[in-house]
Amino acid sequence: QVQLVQSGAEVKKPGASVKVSCEASGYTFTSYDINWVRQAAGQGHEWMGWMNPSSGNTAYAQKFQGRVTMTRDTSRSTAYMELRSLTSEDTAVYFCVRADHCIGPSCSPDNWFDPWGQGTLVTVSS
Amino acid sequence: QSVLTQPPSASGTPGQRVTISCSGGTSNIGTNTVNWYQQLPGTAPKLLIHSDNQRPSGVPDRFSGSKSGTSASLAISGLQSEDEANFFCAAWDDSVNAWVFGGGTKLTVL
């Protein structure tokens, strides 16, 4: 079955970086985009950006530009999300999700996230 | 503050029908399709409805979605105790070229 399996929980100090992995199985890795979404405790969900595993093209939410990098290793069907200059506000569960390819700057008018990875808790604390 | 607006909570008794609303604007719900997700406590979200009103295989037909203008709704009929979860909506927003979400509605089955 289609599945995304993420790396384990991380604890980081303020100012550090974190890199979360997301291994895909059950489908052709390069046929769909990988998006990253995060959710802080008690908060709503926040989209961080997408990556096309085939081309390596990326688009990041304005809030994270300059601080996030999304990459992939097609030989391992694995996507990565690195977030730098961490603060306590980055403490959250990070999810990778699969979606249809975005075309240019637009990811719609008809697209959706399915499936979601199991989530990776990143805790930023001194 | 979430771009899409949902009520923070909803409730119903077993067997009842419950509706959850999701309000947005012309650049998101008014132009693009709406998706609904169900998130049980401590688990990853699961796709419930996509393309405004389409159920993925395996999702019971008790769940239905609709959209009118810049608002969307999720209806759950024949409420069951296992439906207790957080439900949230999402849509692409053309004005910011980003996915936007509702804040989520916690459903309680009384």
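See the structure above.
Residues numbered from 1 in each chain as written. Chains lettered and ligands numbered in written order. Predicted model: local features only at pLDDT ≥ 70, side-chain atom pairs only at ≥ 80, totals over all residues. Heavy atoms only, no water.

**Q** I tried to follow the environment of S73(B) on my own but got confused; where do I start?
**A** All names here are of chain B. Mapping S73 onto the fold places it in strand β6 (residues 71–76). Sequence separation of S73 and S2 is 71 residues, and the distance between their C-alpha atoms is 17 Å. Excluding residues that lie within four positions of it along the chain, S73 makes contacts with T19, I20, S21, W36, S64, G65 and S66. (Helix = DSSP H or I, 4+ residues; strand = E, 2+ residues; numbered from the N terminus. Contact = heavy atoms within 4.5 Å.)

**Q** Any chance you could explain the interface of chain B and chain A here in plain terms?
**A** Interface size is commonly expressed as the accessible area that is lost once the parts come together. Contacts between the two partners involve 19 residues from chain B and, on the opposite side, 21 residues from chain A. With both chains or domains summed, chain B and chain A bury close to 1,700 Å², and 62% of this area falls on carbon and sulfur atoms. Sorting the residues of chain B by area buried against chain A places W92(B), W99(B) and F101(B) first, and these three jointly supply 34% of that buried surface. Where chain B meets chain A, there are zero salt bridges. Taken together, the links from chain B to chain A amount to seven residue pairs in polar contact (both at pLDDT 80 or more). Among the residues making up the side of chain B that touches chain A, the classes are represented as nine nonpolar, nine polar and one charged. (Buried area = accessible area lost by both parts, 1.4 Å probe. Salt bridge = Lys/Arg side-chain N within 4 Å of Asp/Glu carboxyl O. Polar contact = N/O pair within 3.5 Å; in protein donor to acceptor, adjacent residues only side chain to side chain. Nonpolar A, V, L, I, M, F, W, Y, C, P; charged D, E, K, R; others polar.)

**Q** For this particular structure, what's the right way to read the packing of aromatic side chains?
**A** When we look at a pair of aromatic rings, we describe it by the centre distance and by the angle of the planes. All chains considered together, the criterion is met by 12 aromatic pairs over all chains. Considering the side-chain rings of W116(A) and F88(B), the 6.1 Å spacing of their centres and the 85 degrees angle between planes classify their relative orientation as edge-to-face. Note that W116(A) is positioned in the loop between β9 (92–99) and β10 (120–124) and F88(B) in strand β7 (residues 85–93), a pairing that runs across two chains. W116(A) sits in the buried class, given a relative accessible area of 7%. Members of the aromatic cluster, each reached through a chain of ring pairs, are W47(A), F95(A), F113(A), W116(A), Y37(B), F88(B), W92(B), W99(B) and F101(B). Across from the ring centre of Y80(A), 5.0 Å away, lies the NZ or CZ of K19(A), which sits over that ring. (Phe/Tyr/Trp six-rings, centres within 6.5 Å; stacked < 30°, edge-to-face > 60°. Buried < 20%, exposed > 50% of the residue type's maximum accessible area, 1.4 Å probe, protein only. Lys NZ or Arg CZ within 6 Å of the ring centre and 35° of its normal.)

**Q** Looking at this structure, how should I read the nonpolar core?
**A** Within soluble globular proteins, side chains that are nonpolar generally end up buried alongside one another. By size, the foremost hydrophobic cluster in this structure holds 43 residues, and its most contacted members are W36(A), W47(A), M48(A), M81(A), L83(A) and F113(A). The greatest single-element share of this core, amounting to six residues, is contributed by β9(A). The next biggest cluster of nonpolar side chains, apart from the first, holds 23 residues, and it includes L4(B), A10(B), F87(B) and L107(B). (Core = buried A, V, L, I, M, F, W, Y, C linked by side-chain atoms within 4.5 Å.)

**Q** Quick question: what am I supposed to make of the side chain of D52(B) here?
**A** Residue and element names in this part refer to chain B. Tracing the backbone shows D52 in the loop between β4 (46–49) and β5 (63–68). Residue D52 is classed as buried on the basis of its relative accessible area, which comes to 14%. A distance of 3.4 Å separates a polar atom in the side chain of D52 from a polar atom in the side chain of K67. Discounting residues that sit within four places of it in the chain, D52 has contacts with N32, T33, V34, G65, S66 and K67.

**Q** In this structure, what is going on with unusual backbone geometry? I would like to understand it.
**A** Negative phi is the rule for most residues except glycine; trans is the rule for most peptide bonds. A cis amide bond, omega 25 degrees, links S108(A) with the succeeding residue P109(A). In this model, D114(A) is joined to P115(A) through a cis peptide bond whose omega is 0 degrees. Relative to the elements of secondary structure, P115(A) occurs in the loop between β9 and β10. The phi dihedral of S85(A) is positive, around 50 degrees, even though this residue is not glycine. Tracing the backbone through its elements, the reader meets S85(A) in the loop between β8 (78–83) and β9. The phi dihedral of D52(B) falls on the positive side, at around 75 degrees, and the residue is not glycine.

**Q** Just to check I follow, could you spell out the pairing of strand β8 (residues 98–101) of chain B for this structure?
**A** Side-chain positions along a regular strand alternate between the two faces of the sheet. Residues and elements named next belong to chain B. A two-sided burial pattern is seen for β8, the buried positions comprising A98 and V100 on one face and W99 and F101 on the other. Across four bridges, the pairing between β7 and β8 is antiparallel. Among the inter-strand pairings, A90 is bridged to a residue of β8, identified as F101. Here β7 hands over to β8 after four residues, with N97 in that stretch at a positive phi of 50 degrees. (Pairing = 2+ DSSP bridges.)

**Q** Any chance you could explain the pattern of salt bridges here in plain terms?
**A** Here the idea is simple: oppositely charged side chains can pair when their charged atoms come close. All names here are of chain A. Overall, the coordinates contain nine salt bridges over all chains when judged by the stated rule. Across the pair K12 and E10 runs a salt bridge whose closest N-O atoms are separated by 3.9 Å. Between R38 and E46 there is a salt bridge, and its shortest N-O distance comes to 2.9 Å. On the accessibility criterion, E46 (24% relative accessible area) is partly exposed. One salt-bridge network, held together by shared partners, links R38, E46, K63, R67 and D90.

Geometry only, nothing functional implied.
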